Amino acid sequence: MKRLFTLLLLAGWAATSAFAQMSQPILSENTTKISDHVWAIMGFPNVAIVVGSHATLVVDTGMGPKNGATVARVAAKLAPANTKLFLTTTHFHPEHASGEPGFPPNTILIRDSVQQQEMVKHGQEMIDMFSSRSAQNHDLLSGVVLRSPDVTFDQEATVDLGGVTARLLWFGGAHTKGDELTFVEPDRTLVSGDVVQNKTIPNIYGDGGTPATWLAVLDKVATLGAEHVLPDHSTPGDGSLVASERALISEIRTRALALKSQGVSADDAGKQISADLKTQHPDWPNTNAAHFVASVYAEPQ
Ligand SMILES: [Zn+2]
(Lines give C-alpha, C1' and ligand atoms only; values in the text may rest on other atoms or scores of the structure.)
Protein backbone atom coordinates (compact mmCIF):
# COMPACT_ATOMS: atom_id res chain seq x y z
CA MET A 1 0.00 0.00 0.00
CA LYS A 2 2.75 2.42 0.96
CA ARG A 3 4.66 1.50 -2.20
CA LEU A 4 1.59 2.12 -4.35
CA PHE A 5 1.14 5.48 -2.69
CA THR A 6 4.77 6.41 -3.42
CA LEU A 7 4.37 5.34 -7.06
CA LEU A 8 1.25 7.46 -7.40
CA LEU A 9 3.08 10.42 -5.89
CA LEU A 10 5.96 9.96 -8.34
CA ALA A 11 3.58 9.68 -11.30
CA GLY A 12 1.85 12.85 -10.13
CA TRP A 13 5.15 14.64 -9.81
CA ALA A 14 6.29 13.59 -13.31
CA ALA A 15 3.01 14.76 -14.82
CA THR A 16 3.22 18.07 -12.99
CA SER A 17 6.81 18.80 -14.03
CA ALA A 18 6.12 17.93 -17.70
CA PHE A 19 3.11 20.18 -17.45
CA ALA A 20 5.22 23.01 -16.03
CA GLN A 21 7.70 22.68 -18.91
CA MET A 22 4.90 22.66 -21.45
CA SER A 23 3.41 25.89 -20.15
CA GLN A 24 6.75 27.70 -20.49
CA PRO A 25 6.35 30.49 -23.11
CA ILE A 26 10.09 31.04 -23.62
CA LEU A 27 11.28 28.15 -25.77
CA SER A 28 14.65 26.58 -25.09
CA GLU A 29 17.13 25.30 -27.67
CA ASN A 30 16.94 21.75 -26.29
CA THR A 31 15.49 19.09 -28.55
CA THR A 32 13.93 15.69 -27.96
CA LYS A 33 14.12 13.10 -30.74
CA ILE A 34 10.66 11.79 -31.67
CA SER A 35 11.54 9.54 -34.66
CA ASP A 36 14.25 9.13 -37.35
CA HIS A 37 13.63 12.54 -38.96
CA VAL A 38 11.62 14.40 -36.32
CA TRP A 39 12.81 16.45 -33.33
CA ALA A 40 10.78 18.50 -30.89
CA ILE A 41 11.37 21.52 -28.70
CA MET A 42 9.13 20.82 -25.70
CA GLY A 43 7.45 23.99 -24.46
CA PHE A 44 4.44 26.24 -25.05
CA PRO A 45 3.76 24.81 -27.53
CA ASN A 46 5.80 21.74 -28.49
CA VAL A 47 7.42 22.61 -31.83
CA ALA A 48 8.29 19.94 -34.41
CA ILE A 49 11.34 20.08 -36.66
CA VAL A 50 11.41 17.60 -39.56
CA VAL A 51 14.80 17.17 -41.18
CA GLY A 52 15.38 15.81 -44.69
CA SER A 53 18.55 15.58 -46.78
CA HIS A 54 18.01 18.92 -48.52
CA ALA A 55 15.25 20.77 -46.65
CA THR A 56 13.77 21.25 -43.18
CA LEU A 57 10.16 21.75 -42.11
CA VAL A 58 9.18 23.45 -38.86
CA VAL A 59 5.66 22.97 -37.46
CA ASP A 60 4.64 25.90 -35.19
CA THR A 61 6.63 28.96 -34.21
CA GLY A 62 6.31 29.61 -30.48
CA MET A 63 4.81 32.88 -29.22
CA GLY A 64 6.24 35.98 -30.90
CA PRO A 65 9.32 36.62 -33.09
CA LYS A 66 11.85 36.03 -30.28
CA ASN A 67 10.68 32.42 -29.94
CA GLY A 68 10.42 32.10 -33.74
CA ALA A 69 14.09 33.09 -34.00
CA THR A 70 15.00 30.45 -31.38
CA VAL A 71 13.19 27.76 -33.37
CA ALA A 72 14.83 28.83 -36.65
CA ARG A 73 18.25 28.71 -34.91
CA VAL A 74 17.59 25.19 -33.62
CA ALA A 75 16.43 24.06 -37.09
CA ALA A 76 19.64 25.43 -38.62
CA LYS A 77 21.72 23.68 -35.96
CA LEU A 78 20.01 20.33 -36.60
CA ALA A 79 20.63 20.57 -40.36
CA PRO A 80 23.32 23.16 -41.16
CA ALA A 81 23.53 22.16 -44.85
CA ASN A 82 19.80 22.55 -45.55
CA THR A 83 19.29 25.92 -47.22
CA LYS A 84 15.57 25.45 -47.74
CA LEU A 85 13.29 26.02 -44.74
CA PHE A 86 9.55 25.38 -44.77
CA LEU A 87 7.25 26.57 -41.98
CA THR A 88 3.70 25.49 -41.26
CA THR A 89 1.35 25.98 -38.29
CA THR A 90 -1.10 23.60 -36.57
CA HIS A 91 -3.62 26.42 -36.09
CA PHE A 92 -3.75 30.21 -36.07
CA HIS A 93 -3.47 30.85 -32.29
CA PRO A 94 -0.58 33.14 -31.23
CA GLU A 95 1.71 30.56 -29.58
CA HIS A 96 1.55 28.50 -32.78
CA ALA A 97 1.82 31.14 -35.48
CA SER A 98 2.91 34.57 -34.20
CA GLY A 99 6.63 33.71 -34.15
CA GLU A 100 6.78 33.77 -37.95
CA PRO A 101 8.51 37.20 -38.21
CA GLY A 102 11.47 35.69 -36.29
CA PHE A 103 12.20 33.26 -39.14
CA PRO A 104 14.60 34.07 -42.01
CA PRO A 105 12.83 36.08 -44.76
CA ASN A 106 13.24 33.34 -47.38
CA THR A 107 11.31 30.80 -45.24
CA ILE A 108 8.48 29.21 -47.24
CA LEU A 109 5.28 29.61 -45.21
CA ILE A 110 2.50 27.09 -45.95
CA ARG A 111 -0.86 26.54 -44.30
CA ASP A 112 -4.32 25.30 -45.18
CA SER A 113 -6.66 27.93 -46.58
CA VAL A 114 -9.30 27.54 -43.84
CA GLN A 115 -6.66 28.30 -41.23
CA GLN A 116 -5.50 31.32 -43.19
CA GLN A 117 -9.08 32.62 -43.37
CA GLU A 118 -9.35 32.27 -39.58
CA MET A 119 -6.05 34.08 -39.20
CA VAL A 120 -7.34 36.99 -41.26
CA LYS A 121 -10.63 37.05 -39.36
CA HIS A 122 -9.51 36.41 -35.76
CA GLY A 123 -5.68 36.54 -35.70
CA GLN A 124 -5.27 40.07 -34.36
CA GLU A 125 -8.09 39.58 -31.85
CA MET A 126 -6.26 36.52 -30.42
CA ILE A 127 -2.94 38.38 -30.30
CA ASP A 128 -4.62 41.22 -28.37
CA MET A 129 -6.26 38.75 -26.00
CA PHE A 130 -2.99 36.87 -25.31
CA SER A 131 -1.10 40.19 -24.90
CA SER A 132 -3.49 41.28 -22.17
CA ARG A 133 -2.87 38.10 -20.12
CA SER A 134 0.61 38.99 -18.82
CA ALA A 135 3.46 41.46 -19.17
CA GLN A 136 5.60 38.66 -20.60
CA ASN A 137 3.06 37.87 -23.33
CA HIS A 138 2.71 41.57 -24.07
CA ASP A 139 6.46 41.79 -24.51
CA LEU A 140 6.67 38.73 -26.73
CA LEU A 141 3.81 39.85 -28.96
CA SER A 142 4.44 43.58 -29.23
CA GLY A 143 4.69 44.86 -32.80
CA VAL A 144 3.96 41.48 -34.42
CA VAL A 145 2.98 41.89 -38.07
CA LEU A 146 1.92 38.68 -39.76
CA ARG A 147 2.50 38.07 -43.45
CA SER A 148 0.49 36.09 -45.98
CA PRO A 149 1.58 32.52 -46.60
CA ASP A 150 3.59 31.69 -49.74
CA VAL A 151 1.42 28.63 -50.32
CA THR A 152 -2.09 27.69 -49.18
CA PHE A 153 -3.83 24.38 -49.83
CA ASP A 154 -7.36 23.03 -49.49
CA GLN A 155 -7.01 19.48 -48.13
CA GLU A 156 -3.45 18.26 -48.63
CA ALA A 157 0.01 19.47 -49.58
CA THR A 158 3.08 17.26 -49.81
CA VAL A 159 6.51 18.62 -48.94
CA ASP A 160 9.50 16.59 -50.10
CA LEU A 161 12.43 17.25 -47.77
CA GLY A 162 14.78 14.65 -49.30
CA GLY A 163 14.36 11.07 -48.09
CA VAL A 164 11.44 12.15 -45.94
CA THR A 165 8.04 13.50 -46.91
CA ALA A 166 5.62 15.59 -44.89
CA ARG A 167 1.95 15.40 -45.76
CA LEU A 168 0.18 18.55 -44.56
CA LEU A 169 -3.48 17.71 -44.06
CA TRP A 170 -6.74 19.52 -43.39
CA PHE A 171 -9.43 17.03 -42.35
CA GLY A 172 -12.04 19.49 -41.01
CA GLY A 173 -12.72 21.56 -37.90
CA ALA A 174 -11.82 20.40 -34.38
CA HIS A 175 -10.08 22.70 -31.82
CA THR A 176 -10.33 25.42 -34.52
CA LYS A 177 -11.82 25.38 -38.01
CA GLY A 178 -8.42 25.26 -39.71
CA ASP A 179 -6.56 22.61 -37.64
CA GLU A 180 -3.70 21.22 -39.69
CA LEU A 181 -2.10 17.81 -39.20
CA THR A 182 1.38 16.89 -40.39
CA PHE A 183 2.12 13.25 -41.17
CA VAL A 184 5.79 12.42 -41.70
CA GLU A 185 6.73 9.42 -43.82
CA PRO A 186 8.49 7.02 -43.63
CA ASP A 187 8.59 7.72 -39.85
CA ARG A 188 4.80 7.42 -39.45
CA THR A 189 4.98 10.39 -37.10
CA LEU A 190 1.91 12.55 -36.63
CA VAL A 191 2.32 16.15 -35.50
CA SER A 192 -1.19 16.44 -34.15
CA GLY A 193 -1.65 19.96 -32.79
CA ASP A 194 -4.61 20.08 -30.41
CA VAL A 195 -6.52 17.46 -32.43
CA VAL A 196 -4.87 14.49 -30.68
CA GLN A 197 -3.48 15.11 -27.21
CA ASN A 198 -2.28 13.09 -24.26
CA LYS A 199 -4.16 13.09 -20.92
CA THR A 200 -5.76 16.38 -21.87
CA ILE A 201 -9.40 17.49 -22.01
CA PRO A 202 -10.32 18.67 -25.53
CA ASN A 203 -11.25 22.29 -26.02
CA ILE A 204 -12.97 24.19 -28.81
CA TYR A 205 -12.15 27.86 -28.70
CA GLY A 206 -14.41 30.46 -30.32
CA ASP A 207 -15.99 29.50 -33.62
CA GLY A 208 -13.98 26.32 -34.15
CA GLY A 209 -15.26 22.90 -35.07
CA THR A 210 -17.87 20.97 -33.07
CA PRO A 211 -17.41 17.79 -31.01
CA ALA A 212 -19.09 15.90 -33.89
CA THR A 213 -16.76 17.29 -36.58
CA TRP A 214 -13.80 16.60 -34.25
CA LEU A 215 -14.82 12.92 -34.16
CA ALA A 216 -15.08 12.87 -37.97
CA VAL A 217 -11.56 14.33 -38.18
CA LEU A 218 -10.27 11.61 -35.83
CA ASP A 219 -11.78 8.89 -38.03
CA LYS A 220 -9.68 10.23 -40.91
CA VAL A 221 -6.59 10.53 -38.69
CA ALA A 222 -7.00 6.86 -37.69
CA THR A 223 -6.57 5.78 -41.34
CA LEU A 224 -3.03 7.25 -41.38
CA GLY A 225 -1.73 4.53 -39.07
CA ALA A 226 0.54 6.79 -37.00
CA GLU A 227 3.19 5.12 -34.82
CA HIS A 228 4.40 8.26 -33.06
CA VAL A 229 2.27 11.22 -32.04
CA LEU A 230 3.61 14.63 -31.06
CA PRO A 231 0.81 16.79 -29.59
CA ASP A 232 1.26 20.55 -29.16
CA HIS A 233 0.41 20.90 -25.44
CA SER A 234 1.05 17.46 -23.91
CA THR A 235 3.63 14.69 -23.87
CA PRO A 236 4.42 12.61 -26.99
CA GLY A 237 3.14 9.07 -27.26
CA ASP A 238 2.52 6.21 -29.67
CA GLY A 239 -0.25 5.72 -32.24
CA SER A 240 -2.71 4.58 -29.57
CA LEU A 241 -3.22 8.23 -28.61
CA VAL A 242 -5.46 8.61 -31.68
CA ALA A 243 -7.93 5.98 -30.47
CA SER A 244 -7.72 7.31 -26.89
CA GLU A 245 -8.64 10.80 -28.06
CA ARG A 246 -11.58 9.42 -30.02
CA ALA A 247 -12.78 7.41 -27.02
CA LEU A 248 -12.49 10.40 -24.69
CA ILE A 249 -14.42 12.80 -26.95
CA SER A 250 -17.00 10.18 -27.76
CA GLU A 251 -17.51 9.40 -24.06
CA ILE A 252 -17.89 13.04 -23.01
CA ARG A 253 -20.21 13.72 -25.94
CA THR A 254 -22.44 10.68 -25.35
CA ARG A 255 -22.76 11.50 -21.65
CA ALA A 256 -23.44 15.19 -22.29
CA LEU A 257 -26.13 14.43 -24.89
CA ALA A 258 -27.80 11.98 -22.46
CA LEU A 259 -27.83 14.60 -19.67
CA LYS A 260 -29.11 17.21 -22.12
CA SER A 261 -32.01 14.96 -23.14
CA GLN A 262 -32.85 14.54 -19.43
CA GLY A 263 -33.14 18.32 -19.12
CA VAL A 264 -29.96 18.76 -17.04
CA SER A 265 -28.40 22.23 -17.51
CA ALA A 266 -25.09 22.57 -19.36
CA ASP A 267 -23.46 23.88 -16.16
CA ASP A 268 -24.56 20.90 -14.07
CA ALA A 269 -23.62 18.44 -16.80
CA GLY A 270 -20.18 20.05 -17.01
CA LYS A 271 -19.71 19.66 -13.23
CA GLN A 272 -20.86 16.02 -13.15
CA ILE A 273 -18.78 14.92 -16.12
CA SER A 274 -15.67 16.77 -14.88
CA ALA A 275 -15.99 15.13 -11.45
CA ASP A 276 -16.24 11.66 -13.05
CA LEU A 277 -13.23 12.34 -15.28
CA LYS A 278 -11.23 13.38 -12.20
CA THR A 279 -12.02 10.04 -10.54
CA GLN A 280 -11.20 8.09 -13.71
CA HIS A 281 -7.95 9.96 -14.43
CA PRO A 282 -6.33 11.03 -11.12
CA ASP A 283 -2.96 11.57 -12.87
CA TRP A 284 -4.20 14.13 -15.43
CA PRO A 285 -3.14 17.73 -14.77
CA ASN A 286 -6.67 19.06 -15.38
CA THR A 287 -10.01 17.31 -15.88
CA ASN A 288 -12.32 20.30 -16.16
CA ALA A 289 -14.53 19.44 -19.16
CA ALA A 290 -17.16 22.15 -18.56
CA HIS A 291 -16.23 24.11 -21.66
CA PHE A 292 -16.25 21.04 -23.91
CA VAL A 293 -19.58 19.89 -22.46
CA ALA A 294 -20.97 23.35 -23.33
CA SER A 295 -19.71 22.79 -26.90
CA VAL A 296 -21.67 19.50 -27.02
CA TYR A 297 -24.78 21.29 -25.76
CA ALA A 298 -24.32 23.95 -28.47
CA GLU A 299 -23.97 21.43 -31.32
CA PRO A 300 -26.57 21.90 -34.03
CA GLN A 301 -29.07 19.04 -33.67
ZN1 LIG B 1 -4.91 26.71 -29.74
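Source: prediction; values computed, not measured. (Residues numbered from 1 in each chain as written. Predicted model: local features only at pLDDT ≥ 70, side-chain atom pairs only at ≥ 80, totals over all residues. Heavy atoms only, no water.)

Observations regarding the sheet that holds strand S11 (residues 189-193)
- One open sheet holds the six strands; their spatial order is S8-S9-S10-S11-S12-S13, and the pairing between them is mixed. In the strand order of this sheet, the two ends are held by strand S8 (156-160) and strand S13 (237-238), each with one partner.
- As judged from the two bridges shared by strand S12 (residues 228-231) and S13, these two strands associate in the antiparallel manner. Within S13, the residue paired with His228 across the bridge is Asp238. (Pairing = 2+ DSSP bridges. Helix = DSSP H or I, 4+ residues; strand = E, 2+ residues; numbered from the N terminus.)

Quick look at the nonpolar core
- Core analysis: the largest hydrophobic core is formed by 34 residues, its most contacted members being Leu190, Val196 and Val221.
- If you list the elements that add at least two residues to this core, you get strand S10 (181-185), helix H6 (211-222), helix H7 (240-261), helix H8 (266-280) and helix H9 (290-298).
- Looking at this core element by element, the count peaks at seven residues for H7.
- By size, the runner-up hydrophobic cluster in this structure holds 22 residues, among which are Val38, Ala40, Met42 and Leu57. (Core = buried A, V, L, I, M, F, W, Y, C linked by side-chain atoms within 4.5 Å. Buried < 20%, exposed > 50% of the residue type's maximum accessible area, 1.4 Å probe, protein only.)

Remarks on the sheet that holds strand S6 (residues 108-112)
- Reading across from one edge, S1-S2-S3-S4-S5-S6-S7 is the order of the seven strands in this open sheet, with mixed pairing throughout. Strands at the two margins of the open sheet, each flanked by one partner only, are strand S1 (32-35) and strand S7 (151-153). Shown here is a sheet whose adjacent strand axes are inclined to one another by a mean of 25°, direction ignored.
- The sheet contact formed by strand S2 (residues 38-41) and strand S3 (residues 47-51) spans four bridges and is antiparallel. If you follow Ala40 over to S3, its bridge partner there is Ala48.
- Sheet strands touched by helix H2 (residues 64-78): S2, S3, strand S4 (55-59) and strand S5 (84-88). Its angle to S3, the strand with the most contacts, is close to 30°.
- Of the strands in this sheet, S6 and S7 are in contact with helix H4 (residues 113-131), which crosses S6 at around 95°. (Axes fitted to C-alpha atoms, helices over the stretch in contact; angles between N-to-C directions. Contact = heavy atoms within 4.5 Å.)

With respect to the packing of aromatic side chains
- Scanning the model with the defined rule gives one aromatic pair in all.
- Between the aromatic rings of Trp214 and Phe292, the centroid separation amounts to 5.9 Å while the plane-to-plane angle is 80°, which identifies the pairing as edge-to-face. A residue pair is termed long-range when its members are at least 10 positions apart, and Trp214 in helix H6 and Phe292 in helix H9 qualify at 78 residues. Residues Trp214 and Phe292 agree in their burial class; the two are buried.
- Its end group placed over the ring of Phe130, Arg133 keeps NZ or CZ at 4.3 Å from the ring centre. (Phe/Tyr/Trp six-rings, centres within 6.5 Å; stacked < 30°, edge-to-face > 60°. Lys NZ or Arg CZ within 6 Å of the ring centre and 35° of its normal.)

What to know about the pattern of salt bridges
- Tallying each qualifying case throughout the model produces ten salt bridges.
- Among the ionic pairs, Asp283 bridges to Lys199, the shortest N-O distance being 2.8 Å. Here Asp283 is found in the loop between H8 and H9, whereas its partner Lys199 is found in the loop between S11 and H6, with 84 residues between them in sequence.
- Several salt bridges share partner residues, and in doing so they unite Glu29, Arg73 and Lys77 into one network. (Salt bridge = Lys/Arg side-chain N within 4 Å of Asp/Glu carboxyl O.)

Observations regarding the pairing of S4
- Most of S4 is tucked away, with five of its five residues classed as buried.
- A two-sided burial pattern is seen for S4, the buried positions comprising Ala55, Leu57 and Val59 on one face and Thr56 and Val58 on the other.
- In this structure, S3 lies alongside S4, joined through four bridges in antiparallel fashion. Opposite Ala48, over in S4, you have Val59 as the bridge partner.
- Following S3, the chain reverses through three residues before pairing antiparallel with S4.
- In the sheet, S4 pairs with S5 via five bridges, with the strands oriented parallel. Its bridge partner lying in S5, Thr56 is registered against Leu85.
- Chirality of the crossover, the property in question, places the unit of S4, H2 and S5 among those that are right-handed. (Right-handed = clockwise from strand over helix to strand, strands pointing away.)

Comments concerning the confidence of the model for the chain
- On average, the chain scores 93 in pLDDT, and the residues at 70 or more come to 93%.
- Contacts from residues 1-15, a stretch scored under 50 in pLDDT, to residues over four places away or in other chains number one contact. (pLDDT = per-residue confidence, 0-100.)

Examining the coordination of the zinc ion
- At 2.0 to 2.4 Å from the zinc ion lie its protein donor atoms, namely His91 (NE2), His93 (ND1) and His175 (NE2).
- Within one chain, the residues donating to the zinc ion are spaced in sequence as H-x1-H-x81-H. Pair check on accessibility: His91 and His93 agree, each one buried. (Donors = N, O, S within 2.8 Å, 3.2 Å for Na, K, Ca; no water.)

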